[in-house]
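Read off the chains here:
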Amino acid sequence: GQQLNQSPQSMFIQEGEDVSMNCTSSSIFNTWLWYKQDPGEGPVLLIALYKAGELTSNGRLTAQFGITRKDSFLNISASIPSDVGIYFCAGRRLGGGSQGNLIFGKGTKLSVKP
Amino acid sequence: EAGVTQSPTHLIKTRGQQVTLRCSPISGHTSVYWYQQALGLGLQFLLWYDEGEERNRGNFPPRFSGRQFPNYSSELNVNALELEDSALYLCASSLGGSGANVLTFGAGSRLTVL
């Protein structure tokens, strides 16, 4: 099935640094969601975006729905050790999805340098 | 409000055996989704149930099957287990219908096949 292109696949960051990741698609989306998954747990919703150009924050996290409706970005400011985990983007294609509505990216694994 | 609950949390089976995983959605949610997450990989869509009907299935062999009960809980059955079926199986629920956007995940069932 169709998947989103999520990058980077993994990244190591220094505590206190800002982090950016993004998802792109060749299709137009009308919903973008960002999830975080801690080891051994299920993904937890961080931010939901429903409108092109929308910029939404959740604490140190900020996500944007791209103007073209084909991409989305997630930024984490001043990273801390508990930010470690895998971040997934998910989108719902205009006209409905082919996988029960949502299509997931392959994830960005975030690790903090000791 | 109780979240999505899955059972069992961990189980070990041997090749050729059969397994049944269970999921209870959030109260009021009528759609249930099943995903497979093998180690280090993203979420692979398995099945989507809504109002007791299978709405879509991913690219998995027929030995992966399931059902949704009148109370909207769901089971995932995997027959003739193979080593590569070892994975975290995630269940998610959402409000029903094609307008549902946000999936809420359970903590998963970790299956190990020896």
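As the structure is a prediction and not an experimental result, all values here were calculated from the model.

Attention shifts here to the environment of Trp34(B). Mapping Trp34(B) onto the fold places it in strand 4 (residues 31-37). C-alpha of Trp34(B) to C-alpha of Gln44(B): the two residues are 10 residues apart in sequence and 8.7 Å apart in space.

Right, let's get into the state of the cysteines. One pass over the structure, following the stated rule, counts two disulfides over all chains. Each disulfide pairs two cysteine sulfurs, and for Cys23(A) the partner residue is Cys89(A), the sulfurs being separated by 1.7 Å. Handedness of the Cys23(A)-Cys89(A) disulfide follows from its S-S torsion of about -75°: it is left-handed. Residue Cys23(A) is located in strand 3 (residues 19-24), and its partner Cys89(A) is located in strand 9 (residues 85-93); the two are separated by 66 residues in the primary sequence. The residue that forms a disulfide with Cys23(B) is Cys91(B), at a sulfur-sulfur distance of 1.8 Å. Judged by the torsion about the S-S bond (-65°), the Cys23(B)/Cys91(B) disulfide is left-handed. Note that Cys23(B) is positioned in strand 3 (residues 19-24) and Cys91(B) in strand 9 (residues 87-94), a separation of 68 residues in sequence. Like Cys23(B), the residue Cys91(B) is buried in the burial classification.

All right, on to the sheet that holds strand 8 (residues 71-76) of chain A then. Residue and element names in this part refer to chain A. Here five strands make up an open sheet; going across it, the order is 1-3-8-7-6 and the pairing antiparallel. In this open sheet, the two edge strands, each paired with only one partner strand, are strand 1 (5-7) and strand 6 (55-58). Neighbour-to-neighbour, the strand axes of this sheet turn through a mean angle of 15°, independent of strand direction. Relative to strand 8, strand 3 is paired through six bridges, and the arrangement is antiparallel. Residue pairing across strands places Cys23 opposite Ser72, the latter belonging to strand 8.

Residues and elements named next belong to chain B. The strand order across the open sheet built from four strands is 1-3-8-7, with neighbouring strands paired in antiparallel fashion. Two strands bound the open sheet, and with one partner strand each, they are strand 1 (5-7) and strand 7 (64-68). Sheet twist, expressed as the mean angle between neighbouring strand axes with direction ignored, is 15°. Across five bridges, strand 3 lies against strand 8 (residues 74-78) in antiparallel orientation. Residue Val19 lies in a different strand from strand 8, and its bridge partner there is Val78.

Centre-to-centre distance and the angle between the planes together describe a pair of aromatic rings. The final tally for this structure, using the stated rule, is nine aromatic pairs over all chains. A ring pair is formed by Phe29(A) and Trp32(A), whose centres lie 4.8 Å apart and whose planes are at 25°; its orientation type is stacked. The pair formed by Phe29(A) and Trp32(A) is uniform in burial state, with each residue classed as buried. Taken together, a centroid distance of 5.5 Å and an interplanar angle of 90° make the contact between Tyr35(A) and Phe105(B) edge-to-face. Here Tyr35(A), found in strand 4 (residues 29-37), pairs with Phe105(B), found in strand 10 (residues 104-105), and the two come from separate chains. Classification of Tyr35(A) as buried rests on a relative accessible area of 0%. For Phe105(B), a relative accessible area of 9% translates into the label buried. A network of ring pairs unites the aromatic residues Tyr35(A), Phe104(A), Tyr35(B), Phe45(B) and Phe105(B) as a single cluster.

Conventions used here
- Residues numbered from 1 in each chain as written.
- Chains lettered and ligands numbered in written order.
- Predicted model: local features only at pLDDT ≥ 70, side-chain atom pairs only at ≥ 80, totals over all residues.
- Heavy atoms only, no water.
- Helix = DSSP H or I, 4+ residues; strand = E, 2+ residues; numbered from the N terminus.
- Disulfide = S-S within 2.5 Å.
- Buried < 20%, exposed > 50% of the residue type's maximum accessible area, 1.4 Å probe, protein only.
- Pairing = 2+ DSSP bridges.
- Axes fitted to C-alpha atoms, helices over the stretch in contact; angles between N-to-C directions.
- Phe/Tyr/Trp six-rings, centres within 6.5 Å; stacked < 30°, edge-to-face > 60°.

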